[in-house]
Protein chains: 2
Amino acid sequence: MTSLDTQLEIIRRGTVEIVPEPELVAKLERSAKTGTPLRVKLGCDPTRPDLHLGHSVILRKLRQFQDLGHHAILIIGDFTGMIGDPTGANKTRPSLTIEQVRKNGESYFQQASKILDSDPAKLTIVHNSTWLGPMGFEDLIRLASKFTVARMIERDDFTKRYNSNEPISLHEFLYPLAQGQDSVHLKSDVELGGSDQKFNLLVGRDLQRADGQEPQVALMMPLLVGTDGVNKMSKSYDNYVGLDEAPNDMYGKVLKVNDDQIYSWFELLTDVSNEELAAIKTRAVSDPRNTKHDLALTLTRMYHGEEAAAAARAHFVKIIVNKEVPDEIPEFTLQADSDHRLLAVMVASGAAPSISEARRLVQQGAVSIDGVKVADVATELGKGATVVLKAGKRTFLKLLSV
Amino acid sequence: MTSLDTQLEIIRRGTVEIVPEPELVAKLERSAKTGTPLRVKLGCDPTRPDLHLGHSVILRKLRQFQDLGHHAILIIGDFTGMIGDPTGANKTRPSLTIEQVRKNGESYFQQASKILDSDPAKLTIVHNSTWLGPMGFEDLIRLASKFTVARMIERDDFTKRYNSNEPISLHEFLYPLAQGQDSVHLKSDVELGGSDQKFNLLVGRDLQRADGQEPQVALMMPLLVGTDGVNKMSKSYDNYVGLDEAPNDMYGKVLKVNDDQIYSWFELLTDVSNEELAAIKTRAVSDPRNTKHDLALTLTRMYHGEEAAAAARAHFVKIIVNKEVPDEIPEFTLQADSDHRLLAVMVASGAAPSISEARRLVQQGAVSIDGVKVADVATELGKGATVVLKAGKRTFLKLLSV
């Protein structure tokens, strides 16, 4: 069993807030003592079937709980998904059919399982229509009686809208109750959510308390900032990196991350140790370009493995280098019967004044072919290809091998 | 068919507000044209099985609609009655069993039928648990989506409580929706209620409109002020006159009415014509005592018939007069063989100096026996009784006839 301190260190990483942390400590202690895993709840919205790195922040936190021996409960929020927004005003809450909800739920799980441990002993997947669907008007009145109007309006979003006379539909007060009832039904010990979900998570606490249960601890994760460096990652802002992206696409999209977010992406999206994180903090400022490549490599490796990640890296290095090649560069045609050894070609084409100078440049790492640094002085060029040779900082040559 | 003007005159009498009156006119016109009675809804609370004159104000208005050819729908509000106040804070909303609700509902109807026309062609009695009970969470969300939080808080009672930080339980927002849904279900044309019910009645309008129905007209009656002259009539203020009171109790309790309320009690509780009402307005000020007796007589007659009302009147006149009799008054014993004619007794006992003076007093209406004014100068006293004789303003005598 992992020690309490280590558990806490892992759990705390990247969190915005744990409410209340002493209760989490007590729950972890009791769990260790009794050998009973904590029940860690995460609700997901089945209206958006495509997951991206933004979603992975919380899924990874859930995975950490699993790795620490706790039990993850993933709730497919099909109940509200099927209702959608009854006023029709909210386009992001369309009304879904049971088939759509099921399909989205499966797709969600399939993508989430890249991150979660899907061992049934460590993961339960449930649909909240199971218990919310059969609730009647009478049950609702009893549920609602445990909550005051003022408490509901306190919610940041509602306060702003109420004070600026923007209409709040009455049913919007019922959704938090539905989500809170999930916690009552599942007897969750911890609920995870984005920092924008704090109120809903606390409703769960209140309703559990009203039901005579020990209330859950609310653990809030930050909203990942997307590649635009401004907004939270979202499909609608087109600033996202999907979990299902092909290796090259993933690598390339991650490279677009804003300098200011390099650190938090490492912190929230990868497993690099806290010591490495400290180094990354400095390096993200002194050498953002290469730190981004490291981030892209790390993430692509996580989702596609070592080999695909390395290939993606090579691909991007090449593309980027090609971008740096001036539009007009001298060409040098290499005859089929001439010497194809790199050092000889460099001298023949005029890229180096002598074999010894050519060797020195290669040994310094100042020579690249198609953006890939040449490591071996014995490198020989293939026949019939066209490549871009770079020697030193300024010398570019297009080598046409016939 | 009663003319539109007469219908309106009858319906308007005593109302606080009709919202909106032009729609009522249109509904009445269409009803007359198509021969379709209006559906007039009244919801009643089955937690209070004892009805009093305060309840009769609205029941009488409903009866007027029946008499004009319209159809009354009496809703026994058993749905909320069975739920009561889930917070337990509101003592006037206890949670009732289905048996209690049924029993109270029957008792309510039995008392209400003193006022309503219980011909099934003119009266439908329904229990709202029939349609509210099967409603699910999903239905509730759809219903609630038709309403805004701001609109709900606008309700006078809620505004005050919200602004003074008194808690409003969230379920209190659901009750008005339940009552409004009754109107949707019943497709009511008119709903009657006390002036404190205006908001609820308007919720019914809103929900009917959202459902694509023609909205009902809300007709509000004033809250009858009880015998204390201050609070609305209510069992808890002990200022009420029950519909089930025995004749003497009813008469006596009505007599306690405050001078200021004599007129409105006549207006709201009796059928005296509008012309008589005008006269009563003046007389309630110039001779409140006798006007109260007329009111007590009228009401007792309405609920117990002519004879019982007259007996109650005699009973009270006697009691009141006896109250005016001084504690210590002279006695005069009338021998069995002496003259029992009133004028002779008055002279023999010293109540009048002469037969002619005694006659003059009787003719002036200044003589009474046991509080009942003597009208006939030839009156003869019975044998073996003890009566109190009053002659003029000050002379009292206890006559013992042996």
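To keep things clear, this report deals only with the structure shown in the data block. Quick caveat, the model's predicted, so the values are computed rather than measured.

Comments concerning the overall build of chain A
Move 1: Counting its secondary structure elements, chain A contains 18 helices and 11 strands.
Move 2: Computed over C-alpha atoms, the radius of gyration of chain A comes to 28 Å, more than 25% over the 21 Å expected from 2.2 N^0.38 for 402 residues, which places it beyond the range of a compact globule.
Move 3: Counting over 402 residues, chain A shows a buried share of 48%.
Move 4: As displayed, chain A offers around 18,600 Å² of accessible surface, 50% of which is attributable to carbon and sulfur atoms.
Move 5: Side-chain charges of chain A comprise 48 positive and 54 negative groups, with the mean position of each set lying 1 Å from the other.

Concerning unusual backbone geometry
Move 1: The omega torsion across V19 of chain A and P20 of chain A is -15°, close enough to zero to call that bond cis.
Move 2: One can find P20 of chain A in the loop between β1 (17-19) and α2 (21-34).
Move 3: If you check the backbone angles, D238 of chain B has positive phi at about 50° while not being a glycine.
Move 4: Considering the arrangement of structural elements, one finds D238 of chain B in the loop between β6 (217-221) and α12 (247-255).

Focus: helix α17 (residues 342-349) of chain B
Residue and element names in this part refer to chain B.
Move 1: Most of α17 sits inside the fold, with six of its eight residues counted as buried.
Move 2: The set of residues buried in α17 consists of L342, L343, A344, V345, M346 and S349.
Move 3: On its buried face, α17 is in contact with β7 (331-334), α18 (355-363), β8 (367-369), β10 (386-391) and β11 (395-401).
Move 4: Immediately beyond the C-terminal end of α17, within one or two residues, lies G350, with a positive phi of roughly 90°.

A short note on the relation of the copies chain A and chain B
Move 1: At an RMSD of 0.4 Å, chain A and chain B line up after a rotation of 179° and a shift of 0.4 Å along the axis. The operation mapping one copy onto its partner corresponds to a two-fold rotation axis. Ranked by how close their C-alpha atoms come to the rotation axis, the residues of chain A are headed by G136 of chain A, at 2.1 Å.
Move 2: Taken together, the interface assignments show that 100% of the residues at the interface of chain A recur at the interface of chain B, consistent with an identical surface on both copies.

Details of the packing of aromatic side chains
Move 1: In total, this model carries seven aromatic pairs over all chains according to the counting rule given.
Move 2: Plain terms: the ring middles of F158 of chain A and F173 of chain A are 5.1 Å apart, the flat faces sit at 50° to each other, and that makes the pair tilted. Within this pair, whereas F158 of chain A is found in helix α9 (residues 156-163), its partner F173 of chain A is found in the loop between α9 and α10 (174-186), the two being separated by 15 residues in sequence.
Move 3: Exposure remark for F173 of chain A: the relative accessible area of 0% places this residue in the buried category.
Move 4: With a centroid separation of 5.5 Å and an interplanar angle of 20°, the aromatic rings of Y251 of chain B and F316 of chain B are classed as stacked. Placement of the pair is Y251 of chain B in helix α12 and F316 of chain B in helix α16 (residues 306-324), with a sequence separation of 65 residues. Pair check on accessibility: Y251 of chain B and F316 of chain B agree, each one buried.

Re the pairing of strand β6 (residues 217-221) of chain A
Residue and element names in this part refer to chain A.
Move 1: In terms of burial, β6 is a largely internal element, five of the five residues being buried.
Move 2: In terms of strand pairing, β1 meets β6 through three bridges, oriented antiparallel. Looking at the pairing, E17 lines up with M220 of β6.
Move 3: With five bridges joining them, strand β5 (residues 190-194) and β6 adopt parallel strand pairing.

Here we look at the environment of R155 of chain B
Residues and elements named next belong to chain B.
Move 1: Locating R155 in the fold gives a position in the loop between α8 (149-153) and α9 (156-163).
Move 2: Take R155: its relative accessible area is 19%, and that puts it in the buried class.
Move 3: Along the backbone, R155 and L223 are 68 residues apart, and their C-alpha atoms lie at a distance of 18 Å.
Move 4: Discounting residues that sit within four places of it in the chain, R155 has contacts with P176, F199 and N200.

A short note on the sheet that holds strand β4 (residues 123-127) of chain B
Residue and element names in this part refer to chain B.
Move 1: Sheet architecture is open: six strands sit in the order β1-β6-β5-β2-β3-β4, paired in mixed fashion. Looking at the sheet topology across the chains shown, the edges are occupied by β1 (17-19) and β4. Strand-to-strand twist of the sheet, defined as the mean angle between neighbouring strand axes without regard to direction, takes the value 20°.
Move 2: Sheet topology places strand β2 (residues 39-44) next to strand β3 (residues 71-76); six bridges connect them, and they run parallel. Across the sheet, the residue bridging to R39 is H71, located in β3.
Move 3: Helix α10 (residues 174-186) contacts β2, β3, β4 and β5 (190-194) of the sheet and is inclined by roughly 150° relative to β2.

Points about the nonpolar core
Move 1: Residues F137, F173 and L177 of chain A together with F137, F173 and L177 of chain B are the most contacted members of the largest nonpolar core, which totals 60 residues.
Move 2: Not counting chain neighbours up to four residues away, the residues in contact with F173 of chain A comprise V149, M152, I153, F158 and I168 of chain A together with V149 and L170 of chain B.

Digging into the pattern of salt bridges
Move 1: Taken as a whole and assessed by the stated rule, the structure comprises 54 salt bridges over all chains.
Move 2: The shortest N-O distance in the salt bridge between R12 of chain B and E21 of chain B comes to 2.6 Å.
Move 3: Take R12 of chain B: its relative accessible area is 38%, and that puts it in the partly exposed class.
Move 4: Overall, E21 of chain B belongs to the partly exposed group, its relative accessible area being 26%.
Move 5: One salt bridge connects K114 of chain B with D244 of chain B, and the closest N-O pair in it is separated by 3.1 Å. With a gap of 130 residues between them, K114 of chain B in the loop between α5 (98-112) and β4 and D244 of chain B in the loop between β6 and α12 connect regions that are remote in the sequence.
Move 6: Here the salt bridges do not stand alone but share partners, grouping K27, R30, D189 and E214 of chain A into one network.

The rules we used
- Residues numbered from 1 in each chain as written.
- Chains lettered and ligands numbered in written order.
- Predicted model: local features only at pLDDT ≥ 70, side-chain atom pairs only at ≥ 80, totals over all residues.
- Heavy atoms only, no water.
- Helix = DSSP H or I, 4+ residues; strand = E, 2+ residues; numbered from the N terminus.
- Rg over C-alpha atoms; globule rule 2.2 N^0.38 Å.
- Buried < 20%, exposed > 50% of the residue type's maximum accessible area, 1.4 Å probe, protein only.
- Areas by Shrake-Rupley, 256 points an atom, 1.4 Å probe, with all protein chains shown as cover.
- Lys, Arg positive; Asp, Glu negative; His and termini not counted.
- Charge placed at Lys NZ, Arg CZ, Asp CG, Glu CD.
- Contact = heavy atoms within 4.5 Å.
- Least-squares fit on C-alpha atoms with pLDDT ≥ 70 in both.
- Phe/Tyr/Trp six-rings, centres within 6.5 Å; stacked < 30°, edge-to-face > 60°.
- Pairing = 2+ DSSP bridges.
- Axes fitted to C-alpha atoms, helices over the stretch in contact; angles between N-to-C directions.
- Core = buried A, V, L, I, M, F, W, Y, C linked by side-chain atoms within 4.5 Å.
- Salt bridge = Lys/Arg side-chain N within 4 Å of Asp/Glu carboxyl O.

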